[in-house]
Amino acid sequence: MRFNITDAVKHLLIINVVMFIGTVTLGDGKLFDNLFPMFFPTNDLFQPWQVVTHMFMHGSPTHLLFNMFALWMFGTPVEQRLGTKKFLFVYFSAGFGALLFQLGYYYVDYFTAMQSIADLNLSTELLHKIMNIDARSGDYIQSEILHQKMIPLLNEVNFTTPITGDNFKALFDLNVLNRSAMVGASGCIMGILAAFGMMNPNAELMMIFLPIPIKAKYFIPGIILLDVISAITGTSFFSPSNTAYMAHVGGAVIGFLIMWYWKRNDMNKYRWN
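J.: Quick question: what am I supposed to make of helix H8 (residues 165-178) here?
T.: Since the α-helix advances by 3.6 residues per turn, residues separated by three or four positions end up pointing in the same direction. Along its 14 residues, H8 runs 20 Å from first to last C-alpha, staying within 8% of the 20 Å computed at 1.5 Å per residue. Asn-167, Phe-168, Ala-170, Leu-171, Phe-172, Leu-174, Asn-175, Leu-177 and Asn-178 are the residues of H8 that are buried. On its buried side, H8 packs onto helix H5 (84-116), helix H6 (124-131), strand E3 (140-141) and helix H7 (143-156).

Right under this line is the structure:
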């Protein structure tokens, strides 16, 4: 079988691989991790360029491999059909849509937690410091570490109100949320997958873990539905538990809407074929 690859897909693959090499080699493996993921806007590490750079970051070789394989498999036929400019428009629009969906989902949790600690009357500065405490032990944030590191901060401002129960849980949730970081091209690729499905609804697709051919018009909505369920319940079906499920949904929705609009206007300048 001939290995075909289009120009934009090829360059996106190269950029993603170069970024991953930089991630694991430069600055003791921390330089890129502090600069280019998409941090929650209240995090001290947040920078405006991260709205773009996070799309080229990956957390592991497996994460990179699966995303790049999907980019080649679905991106190549979509770019062949749409052309490079429209392909890149779908790709990056889906990436931005994925970011907006995931941030919106995070902000629901953020405002819920903020309401839970309203009665503590924490100053903005103190709350910001608590949210930016590094309470990690390995890859996980530990409530015991957060509690220990909070005490000196509270003592500095003579804060004597006991922080227990729901109040502490809300502060813990805010710390976890604040220190979360989005990485990966999954949102972009979900948009391309949606575009592929719109163009080839009867193409048969299979999951690696479920080798049963399913038509794209059923397969892709099914994948999106599983992501919605995972986002709501926290249950992971095929992805790691730290997957940004709403980013997948956002990317797919934006990809679908763009293709739907172009198809609806297929007799004018937006025609894709």
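J.: Explain a nonpolar patch on the surface to me, please; I cannot follow it from the model alone.
T.: Together, Leu-26, Leu-31, Leu-35 and Trp-49 make up an exposed nonpolar region whose accessible area comes to about 340 Å². Its location among the elements puts Trp-49 in the loop between strand E1 (38-39) and helix H3 (50-53).

J.: When you look at the packing of aromatic side chains in this model, what are you seeing that I'm missing?
T.: Here a ring pair, both rings aromatic, is described through the centre-centre distance and the interplanar angle of the planes. According to the stated counting rule, one finds 13 aromatic pairs in the structure shown. Through successive ring pairs, a cluster of aromatic residues spans Phe-40, Tyr-106, Tyr-107, Tyr-110 and Phe-111. The ring centre of Trp-262 lies 5.6 Å from the NZ or CZ of Lys-86, which sits over that ring.

J.: Explain unusual backbone geometry here, please?
T.: Look at Asn-121: it is not a glycine, yet its phi comes out positive at around 55°. Relative to the assigned elements, Asn-121 resides in the loop between H5 and H6. Notably, Asn-158 is not glycine yet its phi reads approximately 55°, a positive angle. Looking at the element boundaries, Asn-158 is found in the loop between H7 and H8.

J.: Please clarify how the pattern of salt bridges should be interpreted in this entry.
T.: A side chain with one charge can pair with a side chain of the opposite charge if their charged atoms come near. Taken as a whole and assessed by the stated rule, the structure comprises 4 salt bridges. The shortest N-O distance in the salt bridge between Arg-136 and Asp-134 comes to 2.8 Å. A residue is classified by how much of its surface remains accessible, and Asp-134, at 29% relative accessible area, is partly exposed. Here Asp-173 and Lys-169 are joined by a salt bridge, their closest N and O atoms 3.0 Å apart. Taken together, the residues span about one helical turn, with Asp-173 and Lys-169 both in helix H8 at a distance of 4 residues. The class for Asp-173 is partly exposed, based on a relative accessible area of 32%. A single salt-bridge network, built from bridges that share partners, covers Asp-134, Arg-136 and Arg-179.

J.: Teacher, can you tell me more about the confidence of the model for the protein here?
T.: The predicted coordinates of low-pLDDT regions are not to be read in fine detail. Residues of the protein with pLDDT of at least 70 account for 92%, and the chain-wide mean is 89. Element-level pLDDT for the protein is lowest in strand E5 (residues 204-207), with a mean of 70, against a maximum mean of 97 in H3.

J.: What is the right way to look at the environment of Leu-64 in this model?
T.: For Leu-64, the location among the structural elements is in helix H4 (residues 61-82). When the C-alpha atoms of Leu-64 and Ser-186 are compared, they prove to be 9.7 Å apart, with 122 residues separating the residues in sequence. Sequence-distant contacts of Leu-64, defined by excluding residues within four places in its chain, comprise Asn-16, Phe-20 and His-58.

J.: Which parts of the structure should I look at to understand the nonpolar core?
T.: Looking at soluble globular proteins, one finds that nonpolar side chains tend to be buried together. Counting residues in each nonpolar core, the largest one holds 45 residues, and the members touching the most others are Leu-71, Val-78, Phe-87, Val-90, Tyr-91 and Met-259. For this core, the secondary-structure elements that each account for two or more residues are helix H1 (7-25), H4, H5, helix H9 (186-199), helix H10 (216-233) and helix H11 (245-264). Take this core: its biggest share by element is 9 residues, from H9. When residues no more than four places from it in sequence are discounted, the contact partners of Leu-71 are Val-9, Leu-12, Leu-13, Thr-76, Phe-87, Tyr-91 and Ile-189.

Calculation criteria
- Residues numbered from 1 in each chain as written.
- Predicted model: local features only at pLDDT ≥ 70, side-chain atom pairs only at ≥ 80, totals over all residues.
- Heavy atoms only, no water.
- Helix = DSSP H or I, 4+ residues; strand = E, 2+ residues; numbered from the N terminus.
- Expected span 1.5 Å × (residues − 1).
- Buried < 20%, exposed > 50% of the residue type's maximum accessible area, 1.4 Å probe, protein only.
- Contact = heavy atoms within 4.5 Å.
- Patch = residues over 30% accessible without salt bridge, like charges linked within 9 Å, V, L, I, M, F, W, Y side chains within 5 Å.
- Areas by Shrake-Rupley, 256 points an atom, 1.4 Å probe, with all protein chains shown as cover.
- Salt bridge = Lys/Arg side-chain N within 4 Å of Asp/Glu carboxyl O.
- Phe/Tyr/Trp six-rings, centres within 6.5 Å; stacked < 30°, edge-to-face > 60°.
- Lys NZ or Arg CZ within 6 Å of the ring centre and 35° of its normal.
- pLDDT = per-residue confidence, 0-100.
- Core = buried A, V, L, I, M, F, W, Y, C linked by side-chain atoms within 4.5 Å.

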